[in-house]
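# Breakdown of the fold
The chain contents come next:
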Amino acid sequence: MKKLILSLIFFASISAHSEVPWSPLPKEAYKFGEMYPEAQNLLFAFDYGHALVYEMLLQKKDQVIDDPEGLEKEILQKIMTILKNPPTVKVDEGDIAPNYVYTFPLITSLFDWSHLLHQFVLDVLATSKDRDQKMIARVNEIYSQYLKMNPTIVITDSCKTMQFMDGHYFSKAFRKQFPSFNLLIWSYHWFQIKLYDALLKPSKKERDVAVAKTVKDFWSLISNLPDSAEFDMMPETAKEAPALAKLFPKMPAAFDNNHMLHDIVSDLLASTKVKKQQLRAEGIRMGRMAQDPEAFKSNLCPQK
Amino acid sequence: MKFIFSLVLLFGSNIFAQESVSRAKATELSVHRIERLVILKKIPETFLNHISKIVLTKESNGEIAFKSFVFLENKNVASANLEINMDDQGKTISHQVVSENVSPDAYFWPQKDSATLIEDALHFVLEGWVEHSEVKIYFDQFESIELTKFESSSDLVAHFIVTATNTQKKLHIYLKPDGTFLSHELK
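Residue numbering note: each chain is counted from 1, following its sequence as written. Here every chain gets a letter starting at A, and every ligand a number starting at 1, in the order they are written. Restriction of local features to residues with pLDDT of at least 70 applies here, the model being predicted, together with a cutoff of 80 or more for giving and counting side-chain atom pairs; totals for whole chains, interfaces and linings are based on all residues. Where side-chain values are given, they derive from all heavy atoms of the structure, hydrogens and water being excluded.

Of regular secondary structure, chain B possesses five helices and eight strands. Strands are runs of DSSP state E lasting at least 2 residues, helices are runs of H or I lasting at least 4, and numbering of each runs from the N terminus. Secondary structure elements of chain B occur, N-terminal to C-terminal, as α-α-α-β-β-β-β-α-α-β-β-β-β. For chain B, the spread of C-alpha atoms along the three principal axes comes to 65 × 35 × 30 Å. Here the open area of atoms and residues is found with the Shrake-Rupley method and a 1.4 Å probe, where only the protein chains shown may cover a residue. Summed over its atoms, the accessible surface of chain B is roughly 8,800 Å², and 52% of this surface lies on carbon and sulfur atoms.

Right, dumping it as structure tokens:
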């Protein structure tokens with residue numbers, strides 16, 4: 001009986017949390033948020049926002065959108081409200097976007113897993129006293145855990161060309177229909193990337209200033225969309241976070257591939273060339289491509 | 001030790017930040033700017049659908065490092081329809097629409113617009129030189145790219161002619177209308 005109850009509790013806990021477990025958690029886990037709550041909450045808010053947008057687009061899938069500008073305004077308003085009143089804990093995507101999680105099972109797992117990597121790298125950088133070999137070794141240890149603990153849901157760190165994001169029959173649909181929202185997402189990618197370099201400043205004082213400036217610059221980027229965010233393309237990690245790229249050369253591609261996959265999901269959902277019943281299969285195909293080191297492999301990393 | 005790491009971080013950052021982009025990369029970035037301008041309705045959609053040629057020049061005019069001259073399909077007009085000024089990182093500083101004139105019978109590519117096809121061909125220049133050393137000169141000394149169409153065994157083909165300074169030879173790139181790479185040759 002005891003075994004049965006324990007089994008039920010175990011399975012209930014699995015079904016309640018779709019997120020892939022990282023076990024044991026690094027000792028630094030979520031310490032970044034204790035030191036920089038405003039930045040951390042923005043990261044939580046965007047996880048929430050991404051899922052919410054995907055869910056909304058999924059609900060509208062295969063429907064004629066008479067007023068895309070109106071819909072964009074509506075989505076932007078919702079996301080801005082979340083950004084200004086962010087959650088203080090990580091929100092389970094399955095709770096707010098059940099259809100999205102159901103439709104994109106592989107991609108959701110890929111995102112969950114790599115978001116943990118993003119988070120724990122920030123945690124290690126934030127809590128390391130010195131920018132020294134010890135810090136580098138610890139980040140590499142976290143990265144190694146990421147690769148080995150759940151190898152079936154790892155996004156490759158092989159450098160891909162932007163064609164991975166833009167070279168498909170459905171590509172660019174999201175940015176064409178929802179340009180302001182797309183720039184909000186790119187601004188968020190920029191924010192995430194910039195935090196790494198902010199945390200690589202030599203002294204704690206400099207790091208505090210740099211993180212605060214990154215938060216401020218992010219708000220400035222999204223202050224008057226679309227004009228306030230002058231991105232022509234998705235920001236690239238090696239370019240925006242050169243210090244991170246120098247110390248951890250494999251990470252920029254891993255992060256960029258994650259970001260490109262986010263844009264791919266947006267395009268799949270926005271494109272009229274992809275019907276609702278195709279989404280699951282296309283999601284798995286694209287997810288596999290994100291994992292495949294040979295797919296859209298770049299000869300140059302970063303491109304010059 | 002800490003000092004050395006600080007230096008690594010500092011110089012690492014500067015190396016990445018100050019290196020100028022290649023001419024081919026600057027051209028590709030100008031295509032991205034065209035796309036943004038069209039999407040934000042700041043220039044007409046014809047600049048996505050009917051680009052026939054882009055010419056890039058290197059400048060030494062203060063902040064302006066590159067100028068991208070964009071031509072629309074129009075047999076009667078020899079001057080550029082759009083000019084884009086960029087810094088040495090390929091970031092647009094300003095743009096100016098000179099004219100929106102396009103031939104009434106200008107071709108609509110069926111799967112991808114002309115700007116995206118040009119972008120796809122430029123990706124071959126940006127990446128292809130690593131495997132095909134003969135393409136390197138077009139990466140470093142890129143001058144122009146022109147898009148035309150022809151039919152091969154009733155299949156539609158996007159044909160690009162790329163020129164570079166310091167060489168008379170032209171790089172020909174052939175793509176399917178969906179942007180899939182077919183082949184390249186020098187002649």
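A separate point is the sheet that holds strand S7 (residues 171-175) of chain B. All names here are of chain B. Should DSSP find at least two bridges between two strands, the strands are taken to pair. Taken in spatial order, the eight strands make up an open sheet running S4-S3-S2-S1-S5-S6-S7-S8, and their pairing is antiparallel. Pairing within the sheet leaves two strands with one partner each, and these edge strands are strand S4 (92-97) and strand S8 (181-186). On average, each strand axis in the sheet is inclined to that of its neighbour by 15°, with strand direction left out of account. The contact criterion used is simple: two residues touch if any of their non-hydrogen atoms lie within 4.5 Å. Axis geometry follows a simple rule: fit a line to the C-alpha atoms, using only the stretch in contact for helices, then measure angles between N-to-C directions, giving values from 0 to 180 degrees. Its contacts with the sheet place helix H2 (residues 23-39) against strand S1 (51-61), strand S2 (64-72), strand S3 (82-86), S4 and strand S5 (142-152), and it is angled at close to 120° to S1. Contacts from helix H4 (residues 114-128) reach S1, S5, strand S6 (155-164), S7 and S8, with the element oriented near 125° to S7.

This next bit is on the confidence of the model for chain A. Residue-level confidence of the predictor is what pLDDT reports, using numbers from 0 through 100. Scored by pLDDT, chain A comes out at a mean of 91, with 93% of its residues at no less than 70. Predicted confidence is poor over residues 8-17 of chain A, with pLDDT under 50, and the contacts of this stretch with residues over four places away or in other chains come to two contacts.

Further remarks concern the pairing of S3 of chain B. For a regular strand, side-chain orientation follows a simple rule: the groups alternate between the two sheet faces. All names here are of chain B. The buried count for S3 comes to four of five residues, which makes it a mostly enclosed element. Examined bridge by bridge, S2 and S3 share five bridges and lie antiparallel to one another. Paired with Phe69 across the strands is Glu83, a residue of S3. Sheet topology note: the S3/S4 ladder contains five bridges and is antiparallel. Each residue of the ladder has a partner; that of Glu83, found in S4, is Gln96. In sequence, S3 turns back onto S4 through a hairpin of five residues, with Gly90 there showing a positive phi of about 80°. Residue exposure (1.4 Å probe, protein chains only): buried if accessible area is under 20% of the type maximum, exposed if over 50%, otherwise partly exposed.

Now for the packing of aromatic side chains. The rule is short: rings of Phe, Tyr and Trp, with Trp giving its six-membered ring, pair when the centres are within 6.5 Å, and they are stacked under 30 degrees, edge-to-face over 60, tilted in between. Inspection of the entire model under this criterion finds 21 aromatic pairs over all chains. Aromatic side chains Trp113 of chain A and Tyr146 of chain A sit 5.9 Å apart centroid to centroid with 20° between the ring planes, which places their arrangement in the stacked category. A residue pair is termed long-range when its members are at least 10 positions apart, and Trp113 of chain A in helix H7 (residues 105-127) and Tyr146 of chain A in helix H8 (residues 133-149) qualify at 33 residues. In this pair, the class of Trp113 of chain A matches that of Tyr146 of chain A, namely buried. Taken together, Trp22, Tyr30, Trp113, Phe120, Tyr143 and Tyr146 of chain A form an aromatic cluster joined through their ring pairs. It is Arg280 of chain A that lies over the ring of Tyr102 of chain A; its NZ or CZ is 4.7 Å from the centre. Charge-over-ring placement is defined geometrically: NZ (Lys) or CZ (Arg) within 6 Å of the ring centre, and within 35 degrees of the ring normal. The cationic tip of Lys136 of chain B hangs over the ring face of Trp129 of chain B; the distance from NZ or CZ to the ring centre is 4.7 Å.

With that settled, the discussion passes to the interface of chain A and chain B. Buried accessible area, meaning the area lost when the parts come together, often serves as the stated size of an interface. If you look at the interface, chain A gives 40 residues, while chain B gives 38 residues. By convention, the term buried area covers the 1.4 Å-probe accessible surface removed from two parts as they join, with the contributions of both added. When chain A packs against chain B, close to 3,300 Å² is buried across both sides, 53% of that on carbon and sulfur atoms. Any carboxyl oxygen of Asp or Glu that lies within 4 Å of a side-chain nitrogen of Lys or Arg is treated as forming a salt bridge with it. In this assembly, chain A and chain B are joined by nine salt bridges. Between Glu230 of chain A and Lys91 of chain B there is a salt bridge whose closest N-O contact spans 3.2 Å. At the level of secondary structure, the elements contributing two or more residues to the side of chain A that touches chain B comprise H8, helix H9 (163-166), helix H10 (173-177), helix H11 (179-198), helix H13 (237-240) and helix H14 (242-247) of chain A. Here the side of chain A that touches chain B is built from residues that sort into 16 nonpolar, eight polar and 16 charged. Amino acids outside the nonpolar list (Ala, Val, Leu, Ile, Met, Phe, Trp, Tyr, Cys, Pro) and the charged list (Asp, Glu, Lys, Arg) are all regarded as polar, and Gly is one of them.

This brings us to helix H15 (residues 251-270) of chain A. Here H15 of chain A contains 20 residues, and its C-alpha end-to-end distance of 29 Å stays within 8% of the 28 Å for a straight helix at 1.5 Å per residue. Of all the 20 residues making up H15 of chain A, 20 are buried; the element is thus mostly covered by neighbouring parts of the structure. By this rule the span expected of a helix is its residue count minus one, scaled by 1.5 Å.

Residues and elements named next belong to chain A. Along the chain, Asp123 falls in helix H7. Lys and Arg are tallied as positive, Asp and Glu as negative. Neither His nor the chain termini are counted. Despite being buried, Asp123 has no salt bridge partner; Lys31 is the closest side chain of opposite charge, sitting 9.0 Å away. Those residues in contact with Asp123, other than ones at most four positions away along the chain, are Glu28, Ala29, Tyr30, Lys31 and Phe32.

This next bit is on the pattern of salt bridges. Between side chains of opposite charge, pairing is possible as soon as their charged atoms come close. Inspection of the entire model under this criterion finds 25 salt bridges over all chains. Close ionic contact of Glu74 of chain A with Lys78 of chain A constitutes a salt bridge, the shortest N to O distance being 3.7 Å. Within this pair, Glu74 of chain A and its partner Lys78 of chain A are both found in helix H4 (residues 68-84), separated by four residues, close to a single helical turn. Judged by relative accessible area, Glu74 of chain A falls into the partly exposed class, the value being 33%. For Lys78 of chain A, a relative accessible area of 38% puts it in the partly exposed group. Via salt bridges that share partners, Asp166, Lys172 and Arg175 of chain A together with Glu35 and Glu119 of chain B belong to a single interconnected network.

Let us now look at the nonpolar core. The set of buried Ala, Val, Leu, Ile, Met, Phe, Trp, Tyr and Cys residues whose side-chain atoms join them within 4.5 Å is what this entry labels a nonpolar core. Core analysis: the biggest nonpolar cluster contains 105 residues, and Leu83, Tyr100, Phe181, Phe191 and Leu261 of chain A have the highest contact counts within it. Tallying contributions element by element places H7 of chain A first for this core, with 13 residues. Excluding anything up to four places from it in sequence, Tyr100 of chain A contacts Tyr54, Glu55, Leu58, Glu93, Ile107, Thr108, Phe111 and Val265 of chain A. Grouped together as the second largest cluster of nonpolar side chains are 45 residues, Ile43, Ala121, Phe142 and Leu156 of chain B included.

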